[in-house]
Number of protein chains: 4
Amino acid sequence: MFFASDNASGVPPQVLDALVRCNGGYEMPYGNDTVMDRVRARLREVFEAPEAAIYLVATGTAANSLSLALLTPPWGAALCHTLAHVQVDECNAPEAFMNGGKLITVPGDDGRIDPAALKATLGRLVPASVHNAQPSALTLTNTTELGTVYTPDQIAELTGMAKAAGLATHLDGARFANALVSTGATPAEMTWKAGIDVLSFGGTKNGLMGVEAVILFDPAKAKEFELRRKRGAHLFSKHRYLSAQMDAYLEGDLWLDLARRANASAARLATGIEALPGGRLMHPVQANMLFAEFPAAGHTRATAAGAVFYNLRDLNGGSNLGARLVTSWSTTADEVDTFLSHLRG
Amino acid sequence: MFFASDNASGVPPQVLDALVRCNGGYEMPYGNDTVMDRVRARLREVFEAPEAAIYLVATGTAANSLSLALLTPPWGAALCHTLAHVQVDECNAPEAFMNGGKLITVPGDDGRIDPAALKATLGRLVPASVHNAQPSALTLTNTTELGTVYTPDQIAELTGMAKAAGLATHLDGARFANALVSTGATPAEMTWKAGIDVLSFGGTKNGLMGVEAVILFDPAKAKEFELRRKRGAHLFSKHRYLSAQMDAYLEGDLWLDLARRANASAARLATGIEALPGGRLMHPVQANMLFAEFPAAGHTRATAAGAVFYNLRDLNGGSNLGARLVTSWSTTADEVDTFLSHLRG
Amino acid sequence: MFFASDNASGVPPQVLDALVRCNGGYEMPYGNDTVMDRVRARLREVFEAPEAAIYLVATGTAANSLSLALLTPPWGAALCHTLAHVQVDECNAPEAFMNGGKLITVPGDDGRIDPAALKATLGRLVPASVHNAQPSALTLTNTTELGTVYTPDQIAELTGMAKAAGLATHLDGARFANALVSTGATPAEMTWKAGIDVLSFGGTKNGLMGVEAVILFDPAKAKEFELRRKRGAHLFSKHRYLSAQMDAYLEGDLWLDLARRANASAARLATGIEALPGGRLMHPVQANMLFAEFPAAGHTRATAAGAVFYNLRDLNGGSNLGARLVTSWSTTADEVDTFLSHLRG
Amino acid sequence: MFFASDNASGVPPQVLDALVRCNGGYEMPYGNDTVMDRVRARLREVFEAPEAAIYLVATGTAANSLSLALLTPPWGAALCHTLAHVQVDECNAPEAFMNGGKLITVPGDDGRIDPAALKATLGRLVPASVHNAQPSALTLTNTTELGTVYTPDQIAELTGMAKAAGLATHLDGARFANALVSTGATPAEMTWKAGIDVLSFGGTKNGLMGVEAVILFDPAKAKEFELRRKRGAHLFSKHRYLSAQMDAYLEGDLWLDLARRANASAARLATGIEALPGGRLMHPVQANMLFAEFPAAGHTRATAAGAVFYNLRDLNGGSNLGARLVTSWSTTADEVDTFLSHLRG
């Protein structure tokens, strides 16, 4: 009953097998390994993007920070949601990689940027003036930090406004697979067809040990990205071990299967909580993360039984509790049901 | 016959086994995994340093750049050898992590900093003046970039001068194990007993997939290092997979065994080259890397047979060739002998 | 009728005289000039701070950015008002000098930080976690960006909360003199007695060519500031010309006299606008800057007659106009009255 | 008898007059003042560069650091002489403004970069590799740090090599006027006709209070420079006071006249020292700075009489002294002769 984060799960056996398989003999370092050739080909096919430049790094922090730095000069601003992971949870890593570039926050309900708020923010930033940060990039998160999902149309509306104002666009896809299977859209529809220039394609939260891909749909800045990655300490000498994981992730659509499992567990959890007396979902549950309130007594019972998750705050004078619950590919129906039974008491 | 770099080798089976072993169930993220507790205990014991703060990162670039940044403010200078990896091969990653701190180079034969040159450099930098970079850190590399090794006494002489001038000290130990088994000294004698404050303890070149430890013998700046690591995009959520590798590396002194194998192969290679007509070692061979010259005809034969290594330059009017040859834990006596037979023709 | 900014005014004759006076002979460079000794003594006396470290720089951007960088590490956050000049109008200079440190905004009416909002923000930032920016500094602006003034008590309330949470405190005093004469408090009461650690003591907007003092009430970080100033390209070789201006500014309380003149002009303007049919002040007018609305027709007449000021926006369906009007030491009663007569029509 | 530096001198009366003249009324801030229009026109004419973008900053540190940052990305290297001011005397300001870009030093006699050494350095830096700093800019200093002067041909030889390798070029002209009048070349011949892309056109050492121009002969990066200047805290609100100084400097070729006076004093000093028993010039004296040795007894006498200059080191077993002596526009023949008389005893 571990619902604190999807990053506490292990990896599926296919990933371990791939590591064993790639281990023999010598391989050229720094991304010149033969497995990486296959990864590039596969991702280009998955995203219908034959020209895309594709790179692997080992943390989501690196994927997002390098991507934002590619799109935002030190005197620029990247616009993000008020709750965006890059704004709230990265100890200034984006600012470090941007060499002092700025994040400017834009509000919106349920973790999604509100188009009207984006319009207002863009209106305040004057590119002709040297006094304000130069508006440079828009970054969206899908699955959002509140467990909701942007549809391709919603993405396109926001990127359209950004591009009209001259901004480049980035998608933080730490939970991209969960969003994708939630909408039923194609990878291309969820990204470049909806106006996304650069994607952080998450692997870690969805079953890898520590591998994320950065996909530049327009390869014009590919060499610059390579230099930034090296300077950012994320060019791996024994790169084959990143490639092999990503290769296994794509093989036979394993990544989609893992995400479907996690989403199904979240849905099962959501249904159960809504059925509780006093249970209520705080945001729509569309992927593998839910924010819910339920009676504090249930929380006490579940915690005593070993359940792990984040409390948000007391509600309703303390009789209810707000909680964040995250499921992963390895969450079982049993875990969910046992947890719900403790909530019910 | 792959002698281009030790980073083209795979990993020993113990490392793969450890990944499989650690994979089950949930583990707390970000270094709070239970395996990391054992790694910390083991490294403290190996280094006779019960107070040391110990962190894992995934690349040598990160280990060195974060370490130098911890010791060198943006207005400071870290002194390093003219050929140091941090100076020559890191695409300004150290400067990036130091937020613009400066590397100042100090010459010396055979890859080792010359004490007289260090003294002269320290004499030129005036801490009381705001006009020059403030002398802040000394960084040594052991095994050096030319395949030689500093003894504990040689390290102590240089760190003594540095400390007398108020500098902190760092050791780039990307090939620390190779240097250690070469000297026969203890890990403590090669580091803190010789005046080293911070060690980049290499794992990757000596048999891991991509894991390095940073060891702060004085834990006073431990929290600052944690913040720098997070901001530097090297705090891993699924940290257990780094821990498990390092754990296997230390278990039963595997790391020393791997380094001995690599050094033995280099020695075998050196003996063979010296025995060649026209063969000559350009620097003493003390670890797992050698710089040698030998007849160009031998080079042509070896390359045609599939040998891979770096050419340095033509010598002796083109009839001889300078080459860099690196062995690893997985280099076999057969490979060495076959290569030598091609050189002999 | 120039009300666009106080930085479009010239300097009083005393400042020019001081430049002429200090021009003869040789003077030691870099702040070692004899005039600077007098400036230091005078500012320490004015602020009742005999231990204060005092430095001159040439722009407000430099004064604020260096001050924030002194108090906020690259992984830290400086809290500021949503409209703070450092947040809105400095093209990321604070972030540049902080090496990627972050500004986090806190709202509040009339340009002042709301204590409850500050409490909430401090509550969200957890110093024990490496995931969020570390709360490091609070910066206030007095005179605020909306022309209001913090009293010493209001400052003390905010700095008290900040200090209880371990933050250092900075005051952006680009218009410090205007705030000071507005409250009638002493310089000490408006700064260190109210919990301010570092002050940007403005000179430029109040009558100098381009000189600001940075005052560290606690001199512990004085040497670090000197290194930051040099590295920040604001250590002047011919420093005497900065010293002489600041000296003239302090001599005979010229600075207070200049500020009183500017504030009086603003008050005269405010009274006149309030008396207009349709005239209304948008924020209390407490120093030398006012935000007002008045009929658009008056705006048309005044502009046609040569008045210069910032339009904010149309109000009341376009019949009214919001405007920002700034007075300076050199604004005359005549200018104000002529402007008002155009507004009246 | 002040020969420590040219930055200890005052300014000529024309500069003070210009400040008084520009002081009346309102002027638009931030470089939009009317005097600046004239400065731009004058500098474009002086340099025969009608398209040049021209900016003023207040320190040489800013002029050089902003210029290098414009030409060198964070992963790049700017090549400079071993003794270059940017390398030795700027407390990492260039690295700060370059966001961690690197200076790589190239040796050469008499303060000039040796073409063969430049060739070797360029040969070592491989733009195709992500492992080394990317060679990006060459910066020369004229007058050099050893008081010698590059001719246009010497500049062109070095910039030609740099440009063939894809580097941009910068000239640190803190003492540009002194070099110019020494060679008799035109400003255009000394800069863009000799392959210089960006010039730091010094004013401060040659008679201004603190004003340097940055001249971009190719204006393509003009907007980027404006953003960098603002972010670098060197955009002045009361810009007219910088403009007025530069305007007076150019009016009637005052700048050339001032430089000729300084150079003449240095020549007089050089002639006198060479005529001393034991006197010797350590480098050719071509501008306003000389490095000389002379008997220590003379040094003692001169110092006792109030002369100020930098000792370099004892020579010839202590009986001789090496010294750096700098003259300025305000140095008089009397001062020189009196100093020489003390040396003679």
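In case you missed it, the structure is sitting above this.
Here the structure is a predicted model, which means the values were calculated and not measured.

Cut-offs and rules
- Residues numbered from 1 in each chain as written.
- Chains lettered and ligands numbered in written order.
- Predicted model: local features only at pLDDT ≥ 70, side-chain atom pairs only at ≥ 80, totals over all residues.
- Heavy atoms only, no water.
- Least-squares fit on C-alpha atoms with pLDDT ≥ 70 in both.
- Contact = heavy atoms within 4.5 Å.
- Axes fitted to C-alpha atoms, helices over the stretch in contact; angles between N-to-C directions.
- Helix = DSSP H or I, 4+ residues; strand = E, 2+ residues; numbered from the N terminus.
- Parallel < 35°, antiparallel > 145°, perpendicular 65-115°, else oblique.
- Left-handed = near helix turned anticlockwise from the far one by under 90°.
- Nonpolar A, V, L, I, M, F, W, Y, C, P; charged D, E, K, R; others polar.
- Pairing = 2+ DSSP bridges.

J.: Help me out: how do you make sense of the relation of the copies chain B and chain C in this one?
T.: Mapping between the two chain copies consists of a rotation about an axis together with a translation along that axis. Superposition record for chain B on chain C: RMSD 0.0 Å, screw rotation 180°, translation along axis 0.0 Å. Interpreted geometrically, this transformation is the action of a two-fold axis. For chain B, the minimum C-alpha distance to the rotation axis belongs to B:N99 and amounts to 3.1 Å. By residue overlap, the copies meet face to face through one surface: 94% of the interface positions of chain B are interface positions in chain C.

J.: Quick question: what am I supposed to make of the packing of helix α12 (residues 296-304) of chain B against helix α13 (residues 333-344) of chain B here?
T.: Describing two packed helices takes the angle between their axes plus the distance from one axis to the other. Residue and element names in this part refer to chain B. Between α12 and α13, the shortest axis-to-axis distance is 7 Å and the interhelical angle comes to 135°. When the axis of α12 is compared with that of α13, the two are oblique. When you trace α12 past α13, the crossing you get is right-handed. In contact with G298, H299, R301 and A302 of α12, α13 contributes F339, H342, L343 and R344. Taken together, the residues that form the contact of α12 with α13 break down as three nonpolar, three polar and two charged.

J.: Please explain the relation of the copies chain B and chain A as it appears in this structure.
T.: Structural alignment of chain B on chain A gives an RMSD of 0.0 Å, achieved by rotating through 180° and translating 0.0 Å along the axis. Taken together, the interface assignments show that 100% of the residues at the interface of chain B recur at the interface of chain A, consistent with an identical surface on both copies.

J.: I'm lost on the packing of helix α3 (residues 60-71) of chain B against helix α9 (residues 222-231) of chain B in this one. Help?
T.: Residues and elements named next belong to chain B. Packing of α3 against α9 brings their axes to within 10 Å, and their N-to-C directions diverge by 135°. In terms of orientation, α3 and α9 fall into the oblique class. Taken as a pair, α3 and α9 cross one another with a handedness that is right-handed. Contact residues: L66, S67, A69 and L70 in α3; E224, F225, R228 and R229 in α9.

J.: I would appreciate a short explanation of the sheet that holds strand β11 (residues 320-326) of chain A in the present structure.
T.: Across a sheet, paired strands are connected by hydrogen bonds in the backbone, their directions being either parallel or antiparallel. All names here are of chain A. Strands sit in the order β8-β9-β11-β10 across an open sheet of four strands; the sheet is antiparallel. Each end of this open sheet is capped by a strand with a single partner; those strands are β8 (280-281) and β10 (310-315). Sheet analysis places β8 next to strand β9 (residues 289-295), joined by two bridges and oriented antiparallel. Residue pairing for β9: R280 is matched across the bridge by E293.

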